[in-house]
Amino acid sequence: TFTLPSNISLNEGRRLVPRITEILRRYPEVQEVLSQLGRPEDGTDPTLTNNLEFFVRLKPLEDWPADLRSLGDVIDDLHRGLAELPGAEVNFSQPIRDNVNENISGQFGQIALKLYGDDLRQLQEIAERTKDSIGGVDGVADLGIVKSSEIPQIQVEPERAALGRYGLDMEDFQHALQAALGGQPVEVFWDGEARFDVVLRYPAAARADVEKIRKLRIAAQEGITVPLEMLAQVGVGRGRAAISRENGHRYIGIRMNVRGRDLGSFVNEARQRVVAQVPLPTGLNMEWGGEFESKERAMQRLTLVVPVALLITLALLFNAFGSFAPAVLVLFNVPFALVGGVAGLVWMNMPLSVSAAVGFIALIGQASLNGVLVLSAIIERQKNGELLDVAIRRGCRDRLRPVLMTAALAALGLVPAAMSRAIGSEVQRPIAVVIVGGTISASLLTLVVLPVLYRLWVPFVARFSSWSRPSATPRE
């Protein structure tokens, strides 16, 4: 998506389309290019004439150049080529992702920063300074101010003293001006089932230019009419092409994407920089949203989901063993799985995301299953009369194959997803990497650390029981 200068015409935009298309077709990974200038004729997308979108269809991954291994590499490659176009802001995204981001924050981009206030000129100034401040943060991409263009406008500023002299209040004046320039519905006309408003409006010749608008006659008291220029200041100025509102407040949005780092650390650094460099005047508020806002909400839910999952797992383990202590001991196996999951994320250079957190939740069940397999075999052999050390060695040997088979089933099945670089793998890869790494570490450590913990736990329980048991001969 290109945001062209605000004063560009459709004809000038059409001259840019072949040039940009030729640039995009230079790249061997590009298969097809489709362009859209302005907005659709059905009015479903309320964009301006300076909005230019290109839908780029890519070839299959195996047909890409060898140095391009991900969608991020393709975007960086295209961005360098489009840098030769001066004065155009470029934003790379995908159609479905655009729709999701627009539903979340009302604008495109992974992160949406909104400045709320009443004075549009002050908002615009603060937005420009905020944009310059964020531009120095590492990882920022496609940074731009949303709908910041200005267009020539006829501006009418009423003079309250003049209105009072002719017995007009502000409501009467606005009503008359609306009827003169915009039209006022006065009746309804029915043609069968079709309903049409009959609108009263001054003829086009009476409002063709600023001078004629100044001479418009506004009805006052006692049936007299007064020229508009005697009631208000009429002139030509520049104003915003669109005024965005949310929750009853005006706002200006700043959109941005993040590449090469995680959203959380980027937003924290950007917040600190903006607070230090752009102090907000009284009456202005700032709000960070977009995908980052959804991620924060998801992480807050996970802070509740993870403890609940652990409690449910503990209850199921207690039901399986019939004792609280072995159930807690099996839960100690969960951190062993987390070690492998964290190591997998570090090895793949991936941040902790919501997808990765879901993978960690899945590991709780996998790690608990391995612990139940090993510990149940050891306890069963103890019940059959075997010594503790013998029961531990033989129990681990008996459960070696089931534990390894379970790990192989969970890990090997997700290896293709963990190693995938195809478009759309950004969601599945964190889950797969966490489960593969966590399953491997949980399986290895379950066969080593869990038996050791059980070996230390049994004598401790026996000693505690002997301390708490009353002596057969009471002391005098």
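Reading the values: rules and limits
- Residues numbered from 1 in each chain as written.
- Predicted model: local features only at pLDDT ≥ 70, side-chain atom pairs only at ≥ 80, totals over all residues.
- Heavy atoms only, no water.
- Helix = DSSP H or I, 4+ residues; strand = E, 2+ residues; numbered from the N terminus.
- Buried < 20%, exposed > 50% of the residue type's maximum accessible area, 1.4 Å probe, protein only.
- Phe/Tyr/Trp six-rings, centres within 6.5 Å; stacked < 30°, edge-to-face > 60°.
- Lys NZ or Arg CZ within 6 Å of the ring centre and 35° of its normal.
- Axes fitted to C-alpha atoms, helices over the stretch in contact; angles between N-to-C directions.
- Parallel < 35°, antiparallel > 145°, perpendicular 65-115°, else oblique.
- Contact = heavy atoms within 4.5 Å.
- Patch = residues over 30% accessible without salt bridge, like charges linked within 9 Å, V, L, I, M, F, W, Y side chains within 5 Å.
- Areas by Shrake-Rupley, 256 points an atom, 1.4 Å probe, with all protein chains shown as cover.
- Salt bridge = Lys/Arg side-chain N within 4 Å of Asp/Glu carboxyl O.

J.: Would you take a moment to explain the environment of leucine 338 for this structure?
T.: Here leucine 338 lies in helix α11 (residues 334-347). The exposure class of leucine 338 is partly exposed, given its relative accessible area of 31%.

J.: How should the packing of aromatic side chains be read in this particular structure?
T.: How two aromatic rings sit relative to each other is set out by the distance from centre to centre and by the angle between their planes. With the rule as written, the count across this model stands at 4 aromatic pairs. Each ring, one from tyrosine 116 and one from tyrosine 251, has its centre 5.7 Å from the other, and the planes form 45 degrees; the classification is tilted. Pair noted here: tyrosine 116 is in strand β5 (residues 111-117) and tyrosine 251 is in strand β14 (residues 249-258), with a separation of 135 residues, a long-range link. On the basis of an interplanar angle of 35 degrees and a centroid distance of 6.5 Å, the ring pair of phenylalanine 189 and phenylalanine 196 is categorised as tilted. For phenylalanine 189, a relative accessible area of 47% corresponds to the partly exposed category. Here lysine 114 stacks its cationic end above the ring of tyrosine 251, 5.1 Å away from the centre of that ring.

J.: I tried to follow unusual backbone geometry on my own but got confused; where do I start?
T.: Backbone geometry follows two general trends: most residues other than glycine have a negative phi, and most peptide bonds adopt the trans configuration. Within the chain, aspartate 142 stands out as a residue other than glycine whose phi angle is a positive 55 degrees. Looking at the element boundaries, aspartate 142 is found in strand β6 (residues 140-145).

J.: Teacher, can you tell me more about the packing of helix α9 (residues 291-321) against helix α12 (residues 354-383) here?
T.: For any two helices packed against each other, one specifies the crossing angle of their axes together with the interaxial distance. Between α9 and α12, whose axes approach to 10 Å, the crossing angle comes to 10 degrees. Classed by the angle they form, the pair α9 and α12 counts as roughly parallel. On α12, the residues that touch Lys295, Ala298, Met299, Leu302, Val305, Val306, Ala309, Leu310, Thr313, Leu317 and Phe321 of α9 are Val354, Ala357, Ile361, Ile364, Ser368, Val372, Leu375, Ser376 and Ile379.

J.: I keep staring at the side chain of asparagine 370 and nothing clicks. Help me out?
T.: Note that asparagine 370 resides in helix α12. If sequence neighbours within four positions are ignored, asparagine 370 has contacts with Asn333, Val403, Thr406, Ala442, Ser443 and Thr446.

J.: For this particular structure, what's the right way to read a nonpolar patch on the surface?
T.: Judged by side-chain polarity, Val186, Phe189, Phe196, Val198 and Leu200 come together as a nonpolar surface patch covering roughly 470 Å² of accessible area. Among the secondary structure elements, those contributing two or more residues to the nonpolar patch are β8 (184-191) and β9 (194-200). No other element matches the 3 residues that β9 contributes to the nonpolar patch. Along the chain, the position of valine 198 falls in strand β9. On the accessibility criterion, valine 198 (36% relative accessible area) is partly exposed.

Take it as geometry only, folks, not as evidence of what the structure does.
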